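# Architecture at a glance
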Amino acid sequence: MAAGNLWCMRSNFLFGSRCWMTRFSSETVFKSVSFRLFGVKYRNADNEPSENEELLNNLLTMGVDIVMARKRQPGVFNRMITNEQDLKMFLLSKGASKEVIASIISRYPRAITRTPESLSKRWDLWREIVTSDLEIVNILERSPESFFRSSNNLNLENNIKFLYSVGLPRKCLCRLLTSAPRTFSNSLDLNKQMVEFLQAVCLSLGHNDPTDFVRKIIFKNPFILIQSTKRVKANIEFLQSSFSLNSEELLGLICGPGAEILDLSNDYLRRNYTNVKEKLFSLGCIEEEVQKFVLSYPDVIFFAEKKFNDKIDCLIEENISISQIIENPRVLDSSLSTLKSRIKELVNAGCNLSTLNISILSWSKKRYEAKLTKLSK
C-alpha cells in the first residue's frame, strides 16, 4: 500500500467507536471520524461467523469465565472489534478490582462493546444519582446489566432530568437505578405517561398533592414505571371494587402496603384473590374476614394457589384456627418447611398451639430460638 494512501485504524473500538485515521503525505494530518460497525464479524471459509481468537485470548488473560460468557451473549465473540482492554482500564481507574471486572464481563459480555467515551459519559450521569465511584462499582458487581444494557446516554440524561423535575429525591432515583434500572432505558415519553397517569389518579381520588403521591408510590414500588398504564389502571379499579374502598382507603393502600400489587397481571391478581376467598370461605370465614385478612396482608395476593393452600392446611392440621391465622397473617411469610419444623418443636416443648400467639412462627431465627429455649425449660 502506498504511503499516501495508508489508513491506520485503531482495532479496539466497536459501537460508535472513534477511529483515528492517519494519512501520510508531505505533512501528517490527523482526523477523527465516528462510525458504527454493526455486524462486522469474523467469518470462516463457508461465510459463517467464527470466534475472534485474539478476543478469546484477551478475555482468558483477564480471568473471564468464557463458558458463562458464551452462554450469556455468544454473538460478542464473533465481533472483529471490541473494547475489552479499554473497559478494563476504565473500571480499574474507578476502583474496580481485576476480579470484579472479570465477573462483570463474564455475566454481561456486551460490556466490552462500549466505547471509552460512552462509558465516561454514562458514568458521569450515574454520578448525578449515586454518591461515589465505589458505589457504582458495587452496583455493577451485583448487576452489570443495569449499567451496560443501554448505550443511549441522551435518553438516560433526559430521564434523570425528568424524574428530578417531578419531585423525586436523589434517594428515590438511586433506588430506581439499583432496583429497576430499566426505568432509565424507557423512552422519556413512556415515563412521562406513567407519571401523568399517577398524578391524574391522585387528583381523581381527592388528594391535592400529586407530587407527594407519585414520590410515595414510586418509593414503595420502584417497578411501577416499567409497567403499562393499562395494567396499573385495571389493578387499581379491581382493588377499589373488590374491597369497596373509599378514596382515602384506596390511596392509603396503593401508596403503602399494596403498592407492589399494581405490578401483577390483572388475570393473576384476580385468580389469586379468588383462590384466597374460596379457601377461607371453605374454613367458615365471611366476606368481611376475607377482606380484613387481605388488606392487612396484601402480600398474600402474590401466593400461587398451591403455595397458599399448603400453608393454610399445614396450620389448620395442627389445631391452629383460621381466626388465629387472620389475626397473625405474617406467619405465612415463613416457608412451608419452616412452619412444619417450628410447629413440631413447639409441640415437643409442650405448647398448646390453639392458644399460642402464633406470630412466633414468623419470628427471626435468633428470636425464635431464644423463645423456644425458654419454653423448653
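Calculation notes
- Residues numbered from 1 in each chain as written.
- Predicted model: local features only at pLDDT ≥ 70, side-chain atom pairs only at ≥ 80, totals over all residues.
- Heavy atoms only, no water.
- UniProt positions renumbered as here; feature names shortened; annotations may be inferred.
- Helix = DSSP H or I, 4+ residues; strand = E, 2+ residues; numbered from the N terminus.
- Buried < 20%, exposed > 50% of the residue type's maximum accessible area, 1.4 Å probe, protein only.
- Contact = heavy atoms within 4.5 Å.
- Areas by Shrake-Rupley, 256 points an atom, 1.4 Å probe, with all protein chains shown as cover.
- Core = buried A, V, L, I, M, F, W, Y, C linked by side-chain atoms within 4.5 Å.
- Domains from an automatic or database assignment.
- Phe/Tyr/Trp six-rings, centres within 6.5 Å; stacked < 30°, edge-to-face > 60°.
- Axes fitted to C-alpha atoms, helices over the stretch in contact; angles between N-to-C directions.
- Parallel < 35°, antiparallel > 145°, perpendicular 65-115°, else oblique.
- Left-handed = near helix turned anticlockwise from the far one by under 90°.
- Salt bridge = Lys/Arg side-chain N within 4 Å of Asp/Glu carboxyl O.
- Patch = residues over 30% accessible without salt bridge, like charges linked within 9 Å, V, L, I, M, F, W, Y side chains within 5 Å.
- Lys, Arg positive; Asp, Glu negative; His and termini not counted.
- Charge placed at Lys NZ, Arg CZ, Asp CG, Glu CD.
- Nonpolar A, V, L, I, M, F, W, Y, C, P; charged D, E, K, R; others polar.

Per an unreviewed UniProt entry, the protein chain carries the name Transcription termination factor 1, mitochondrial and comes from Sapajus apella. As its UniProt record puts it under Sequence similarities (unreviewed entry), the protein chain is described as follows: "Belongs to the mTERF family."

### Comments concerning the overall build of the protein chain
Within the protein chain, the regular secondary structure consists of 19 helices and 2 strands. Among the 377 residues that make up the protein chain, the fraction classed as buried is 44%. Partitioning the contacts of the protein chain with sequence separation of at least 6, the portion at a separation of at least 24 is 67%. Of the accessible surface of the protein chain, which amounts to about 19,400 Å², a share of 50% is contributed by carbon and sulfur atoms.

### Considering the nonpolar core
With 106 residues, the main nonpolar core has F213, F293 and L361 as its most contacted residues. With 6 residues, the single largest contributor to this core is helix α10 (residues 188-204). In terms of domain composition, this core takes at least three residues from each of domain 1 (53-151) and domain 2 (266-373). Beyond its immediate sequence surroundings of up to four residues, F213 is in contact with L198, V201, C202, H207, L251, I254 and C255.

### Some thoughts on the packing of aromatic side chains
Within this structure, the stated rule accounts for 9 aromatic pairs. Arranged with centres 4.9 Å apart and planes meeting at 75°, the rings of F147 and F148 form a pair that is edge-to-face. Their ring planes at 85° and their centres at 5.9 Å tell us that F238 and Y273 sit as a pair that is edge-to-face. Note that F238 is positioned in helix α12 (residues 229-243) and Y273 in helix α14 (residues 266-282), a separation of 35 residues in sequence.

### Considering unusual backbone geometry
The phi dihedral of S244 falls on the positive side, at around 50°, and the residue is not glycine. On the accessibility criterion, S244 (60% relative accessible area) is exposed. The phi torsion at N319 lies on the positive side, around 65°, for a residue other than glycine. For N319, a relative accessible area of 59% puts it in the exposed group.

### Brief notes about the side chain of K279
Residue placement: K279 occurs in helix α14. Given a relative accessible area of 16%, K279 falls into the buried group. Apart from residues no more than four positions distant in its own chain, K279 is found in contact with F308, N309, I312 and D313.

### Let's talk about the packing of helix α3 (residues 84-93) against helix α4 (residues 98-107)
Put simply, α3 and α4 touch, their axes get as near as 10 Å, and they point 130° apart. On the basis of their axis angle, the class for α3 and α4 is oblique. Here α3 and α4 pass one another in a crossing that is right-handed. For the pair α3 and α4, contact is made by L87, K88, L91 and L92 and by K98, I101, I104 and I105, respectively.

### Comments concerning the pattern of salt bridges
A complete count under the given rule lists 13 salt bridges for this structure. Between E51 and R70 there is a salt bridge, with the nearest N and O atoms lying 2.8 Å from each other. Residue E51 is located in the loop between β2 (29-34) and α1 (53-61), and its partner R70 is located in helix α2 (residues 66-72); the two are separated by 19 residues in the primary sequence. A relative accessible area of 34% places R70 in the partly exposed class. Between D313 and K279 there is a salt bridge, and its shortest N-O distance comes to 2.6 Å.

### Details of a positive patch on the surface
Among the surface-exposed residues, R367, K371, K374 and K377 lie close enough to one another that they form a single positively charged patch. Examined against the element boundaries, R367 turns out to sit in helix α19 (residues 365-376). We classify R367 as partly exposed; its relative accessible area is 48%.

### Focus: the packing of α3 against helix α5 (residues 116-126)
The contact between α3 and α5 brings their axes to 10 Å, and the two run at 30°. Between α3 and α5, the angle is such that the two are roughly parallel. In terms of crossing hand, the pair formed by α3 and α5 is right-handed. Residues D86, L87, F90 and L91 of α3 form the contact with α5, whose own contacting residues are P116, L119, S120 and W123. Tallied by class, the residues present in the contact of α3 with α5 amount to 6 nonpolar, 1 polar and 1 charged.

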